[in-house]
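Overview (structure and organization)
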Amino acid sequence: MASEDNLHLLEIETELKLLAKEAGKTLLTYFGKPIHIEYKDSAQTDPVTEADKTVQDLLKTSILKSFPDHAVIGEEDQTGTNKTIPKYVWVIDPLDGTRNFSNGLRIFACSIGVLRDGIPIAGAIFIPTGNKGGDIVHAVIGKGAYLNDTAIKIPDRGSPESASLVGLPGSFHNYYQFTNRIKGEPRILGSIAYELAMVATGVLQYSALLGSLAIWDVAAGLIIIKEAGGNIKVGNKGKTKVIWSDFNSFYKQSAKNNVDVATLRKWHAPLIFGATGIVNLICQNLEYKFSWKRSLKNLFKI
Ligand code: IPD
Ligand code: CA
Ligand code: CA
């Protein structure tokens, strides 16, 4: 890596940690108090509060002040431009787990990831755990992952232990099944970034997020998992099975030099992450549950 990039990385790391702390502090000033909720969709499944918007503004303003030639993609922007994006892009979810937050459940996160040419290279996640002011889980490419100042490492297990906790979607048994029994008791946390932090810190032994995740849910967590020694697979849902491959970049090879903000905002995919052996085991043993609807669709090639 060019030394100019290294220097830049150092500036990014410093700013990231400061911003994650600041964002967390701001979120905690709202937490536990009555808060007005609006919905971004007519079905009222996608809530947003003043806390989401305030933290997004705070982060965006600070990032662009420090790095005017970088781009920022925030969940609450709700806009995409078709301008080609610069080398460095910050991807932020100011409050991940808004529903938990607005109901007073202390499981939420603020996620700040940095991409270089589409590849996650740095990330910090604020989680309201540990001491009163919360914790920061963070990583920079090639420098390892940390919980505050303590290095973290995901042990390379081959399969989940009997007493382990694992992340599976609430709707798992409606659509999927394992071909062999896989140990571990599922937990549904309600915040994807928090879940990534829990896998990185060894609280959960793996997580299979089988819905379509958004880029701001995972941009920070992916580099943290990678730097903690974990394995990440990205899924492509085929008609008869999900095809899993190693996650490397948010840019498709073919589109490498031609990506715009609007395209990046639309990135959606399922992910499995955790210890290398466990993730491989899950990918090998996961299958769609039989469904007449899918079978008829495949039969008539709809
Ligand atoms: C949501 C949370 C939740 C997940 C949803 C996300 P938000 O993010 O991560 O766990 O199930 O798909 O949209 O809206 O609270 O930022
Ligand atoms: Ca959010
Ligand atoms: Ca989110």
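Residues numbered from 1 in each chain as written. Chains lettered and ligands numbered in written order. Predicted model: local features only at pLDDT ≥ 70, side-chain atom pairs only at ≥ 80, totals over all residues. Heavy atoms only, no water.

1. Concerning the packing of helix α1 (residues 3–30) against helix α2 (residues 50–66)
How two helices sit against one another is set out by the angle between their axes and by the gap between those axes. It is the contact of α1 with α2, at a shortest axis distance of 10 Å, that shows an interaxial angle of 160°. Between α1 and α2, the crossing angle belongs to the class labelled roughly antiparallel. As for the relative orientation of α1 and α2, their crossing is right-handed in sense. Residues E15, L19, E22, A23, T26, L27 and Y30 of α1 form the contact with α2, whose own contacting residues are E50, A51, T54, V55, L58, L59, S62, I63 and S66. Along the lines of polarity and charge, the residues of the contact of α1 with α2 split into 9 nonpolar, 4 polar and 3 charged. (Axes fitted to C-alpha atoms, helices over the stretch in contact; angles between N-to-C directions. Helix = DSSP H or I, 4+ residues; strand = E, 2+ residues; numbered from the N terminus. Parallel < 35°, antiparallel > 145°, perpendicular 65-115°, else oblique. Left-handed = near helix turned anticlockwise from the far one by under 90°. Contact = heavy atoms within 4.5 Å. Nonpolar A, V, L, I, M, F, W, Y, C, P; charged D, E, K, R; others polar.)

2. Details of the site of ligand 1
Around ligand 1 lies a shell formed by D46, E75, D93, L95, D96, G97, T98, G190, S191 and I192. Within the backbone of L95, a nitrogen or oxygen atom sits 3.2 Å from an oxygen atom of ligand 1. Here an oxygen atom of ligand 1 sits 2.8 Å away from a polar atom, N or O, in the main chain of T98. Mapped onto the domain boundaries, the shell around ligand 1 takes at least three residues apiece from domain 1 (2–152) and domain 2 (165–300). (Near = heavy atom within 4 Å. Polar contact = N/O pair within 3.5 Å; in protein donor to acceptor, adjacent residues only side chain to side chain. Domains from an automatic or database assignment.)

3. A look at the domain arrangement of the chain
Each assigned domain of the chain is listed with its residue range as follows: domain 1 (2–152) and domain 2 (165–300). The gap between the C-alpha centroids of domain 1 and domain 2 is 21 Å. Domain 1 puts 51 residues into the contact, and the matching count from domain 2 is 34 residues. For the domain 1 and domain 2 pair, buried surface summed over both sides reaches about 3100 Å², with 69% attributable to carbon and sulfur atoms. On the domain 1 side of the interface with domain 2, the three residues burying the most area are I73, I85 and P120, jointly 17% of the side's total. Across the salt bridge formed by D77 and R265, the nearest N and O atoms sit 3.9 Å from each other. Counting the contacts that link domain 1 with domain 2 gives 11 residue pairs in polar contact (both at pLDDT 80 or more). Contributing elements (two or more residues each) for the side of domain 1 that touches domain 2: β3 (71–74), β4 (88–96), β5 (109–116), β6 (119–127), β7 (135–140) and β8 (145–147). Tallied by class, the residues present in the side of domain 1 that touches domain 2 amount to 26 nonpolar, 17 polar and 8 charged. (Buried area = accessible area lost by both parts, 1.4 Å probe. Salt bridge = Lys/Arg side-chain N within 4 Å of Asp/Glu carboxyl O.)

4. With respect to the nonpolar core
Core analysis: the largest hydrophobic core is formed by 68 residues, its most contacted members being V89, I125, Y206, V218, F250, L264 and I272. Each of domain 1 (2–152) and domain 2 (165–300) gives at least three residues to this core. Residues contacting Y206, with those up to four places away along its chain left out, are P160, V166, G167, L168, F178, I182, V199, F273, G274, I278 and I282. (Core = buried A, V, L, I, M, F, W, Y, C linked by side-chain atoms within 4.5 Å. Buried < 20%, exposed > 50% of the residue type's maximum accessible area, 1.4 Å probe, protein only.)

5. Considering the coordination of the calcium ion (ligand 2)
Summarising the metal site, the calcium ion (ligand 2) is bound by the protein donors E75 (OE), D93 (OD) and L95 (O), whose distances to it range over 2.2 to 2.3 Å. All donors of the calcium ion (ligand 2) belong to a single chain; written as a sequence motif, their spacing is E-x17-D-x1-L. Between the calcium ion (ligand 2) and the calcium ion (ligand 3) the interatomic distance amounts to 3.8 Å, and D93 serves as a bridging ligand to the pair. We note that D93, like L95, is buried. (Donors = N, O, S within 2.8 Å, 3.2 Å for Na, K, Ca; no water.)

6. A look at α1
Between its first and last C-alpha, α1 extends 41 Å over 28 residues, near the 40 Å set by a 1.5 Å rise per residue. Two residues or fewer after α1 comes G32, characterised by a positive phi angle close to 85°. (Expected span 1.5 Å × (residues − 1).)

7. Some points on the sheet that holds strand β12 (residues 185–187)
Across the sheet, which stays open at both edges, the 6 strands sit in the order β12-β10-β13-β16-β14-β15 with mixed pairing between neighbours. Each edge of the sheet is formed by a strand with only one pairing partner; in this case those strands are β12 and β15 (242–246). Geometrically, the sheet is characterised by an average inter-axis angle of 25° between neighbouring strands, direction not taken into account. By the bridge criterion, 2 bridges tie strand β10 (residues 165–167) to strand β13 (residues 204–214) in an arrangement that is parallel. (Pairing = 2+ DSSP bridges.)

8. So, the packing of aromatic side chains
In the structure shown here, the tally under the stated rule is 10 aromatic pairs. Plain terms: the ring middles of F31 and F108 are 5.2 Å apart, the flat faces sit at 40° to each other, and that makes the pair tilted. Placement of the pair is F31 in the loop between α1 and β1 (37–39) and F108 in the loop between α3 (98–102) and β5, with a sequence separation of 77 residues. Overall, the relative accessible area of 15% leaves F31 in the buried class. (Phe/Tyr/Trp six-rings, centres within 6.5 Å; stacked < 30°, edge-to-face > 60°.)

9. Details of the coordination of the calcium ion (ligand 3)
Surrounding the calcium ion (ligand 3) are the protein donor atoms D93 (OD), D96 (OD) and D217 (OD), at 2.2 Å. For the calcium ion (ligand 3), all donor residues lie on one chain, and their spacing in sequence is D-x2-D-x120-D. D93 sits in the buried class, given a relative accessible area of 1%. With relative accessibility at 7%, the residue D96 sits in the buried group.

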